[in-house]
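Structural overview for review
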Amino acid sequence: MQNFINAYSWTNIHYLLQGLWVTVEVSVASIILSFIFGTILGVIRYANIKYVSAIIGFIIDLIRNLPLLIIIFFTYFGLPNLGFKPAIIEAAILAMTVFESMMIAEIVRSGIMAVDSGQMEGALSNGLSYWQGLRIIILPQALRNMIPALVSQFISLVKDTSLATIIVLPEMMYHAQIIYGQNTNYIIPMFVALAVLYFVVCYALSLIARYFEKRMSYSK
């Protein structure tokens, strides 16, 4: 018990919360960017544009089957050899965005495919173009159905930020390692604190998703 009391000193908690802020910062930026790019890529792949959709599909399948750790490693250590040297936080956001965009693209494509084909036929018969029907009629319905899958993916994204410790991203896991590296008796207390903080962030994200899901269901 004394180890827990000592481990949870204000200095350690404050240091851990600084890491939490970086985790939230990277997660929010990656969620917003990956949702935007993932939606665009998913729509393009679904639209079956000659050559373009096939190329996008190949890239999506390629990146989805790579470990995120390799993408993070390449972003920070490989890109400088190509003339672009991102900062640590920028590299983490870029790697997370690239990887998660591919995951979300598949969720979006599957969500659109799940919408009844008669919806598009109805849109076309009412004078809308294919792209107008997709944007105005199909995509809103698909997004409503995709909320659970998207939330699950975003929660995974938050937890995956811990992998960025490989490039010394000063997020929660890295700060916890610094703390228990100075005193090995703090290992268990730090992992308990990490579990609580990750739970709070992920649960808050799920509550926000439930709120929007209810709002969208009321607007049907």
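Up top is the structure.
Residues numbered from 1 in each chain as written. Predicted model: local features only at pLDDT ≥ 70, side-chain atom pairs only at ≥ 80, totals over all residues. Heavy atoms only, no water.

Time to look at the packing of helix 6 (residues 117-125) against helix 7 (residues 130-160). Two elements in contact, helix 6 and helix 7, have axes separated by 9 Å at closest approach and are oriented at 140 degrees. Relative to helix 7, the element helix 6 lies oblique. The way helix 6 lies across helix 7 gives a crossing that is right-handed. Of the residues in helix 7, those touching helix 6 at Gln119, Met120, Ala123 and Leu124 are Tyr130, Gly133, Leu134, Ile137, Ile138 and Gln141. Its residues assigned to classes, the contact of helix 6 with helix 7 comprises seven nonpolar, three polar and no charged. (Axes fitted to C-alpha atoms, helices over the stretch in contact; angles between N-to-C directions. Helix = DSSP H or I, 4+ residues; strand = E, 2+ residues; numbered from the N terminus. Parallel < 35°, antiparallel > 145°, perpendicular 65-115°, else oblique. Left-handed = near helix turned anticlockwise from the far one by under 90°. Contact = heavy atoms within 4.5 Å. Nonpolar A, V, L, I, M, F, W, Y, C, P; charged D, E, K, R; others polar.)

Right, let's get into helix 7. Spanning 31 residues, helix 7 covers only 37 Å between terminal C-alpha atoms, well under the ideal 45 Å at 1.5 Å per step. At Met146, helix 7 is deflected by roughly 55 degrees, the largest bend along its length, and proline Pro148 occurs up to four residues later in sequence. (Expected span 1.5 Å × (residues − 1). Bend = angle between axes of the 7 residues up to and from the residue.)

Before going further, it helps to spend a moment on the environment of Thr165. Turning to its location among the elements, Thr165 is positioned in the loop between helix 7 and helix 8 (172-182). For Thr165, a relative accessible area of 22% gives the class partly exposed. Sequence separation between Thr165 and Leu33 is 132 residues, and the spatial gap between their C-alpha atoms is 21 Å. Setting aside chain neighbours within four positions, we find Thr165 in contact with Glu171, Met173, Tyr174 and Gln177. (Buried < 20%, exposed > 50% of the residue type's maximum accessible area, 1.4 Å probe, protein only.)

In terms of backbone geometry, most residues other than glycine have negative phi values and most peptide bonds are trans. One non-glycine residue, Asn48, lies in positive phi territory at about 55 degrees. Mapped onto the fold, Asn48 is located in the loop between helix 2 (10-47) and helix 3 (52-64). Residue class for Asn48 comes out exposed when judged on its relative accessible area of 62%. Phi at Tyr51 takes a positive value of approximately 70 degrees, unusual for a residue other than glycine. Note that Tyr51 resides in the loop between helix 2 and helix 3.

We now examine the nonpolar core. Val108, Ile112 and Ile167 are the most contacted members of the largest nonpolar core, which has 38 residues in total. Mapped by element, the contributors of at least two residues to this core are helix 2, helix 3, helix 4 (68-78), helix 5 (88-114) and helix 7. With 13 residues, helix 5 is the single largest residue contributor to this core. Setting aside residues up to four positions removed in sequence, Val108 forms contacts with Gly38, Thr39, Gly42, Val43, Leu139 and Met146. Within the second largest apolar cluster, 20 residues are counted, among which are Leu16, Ile179, Ala193 and Cys202. (Core = buried A, V, L, I, M, F, W, Y, C linked by side-chain atoms within 4.5 Å.)

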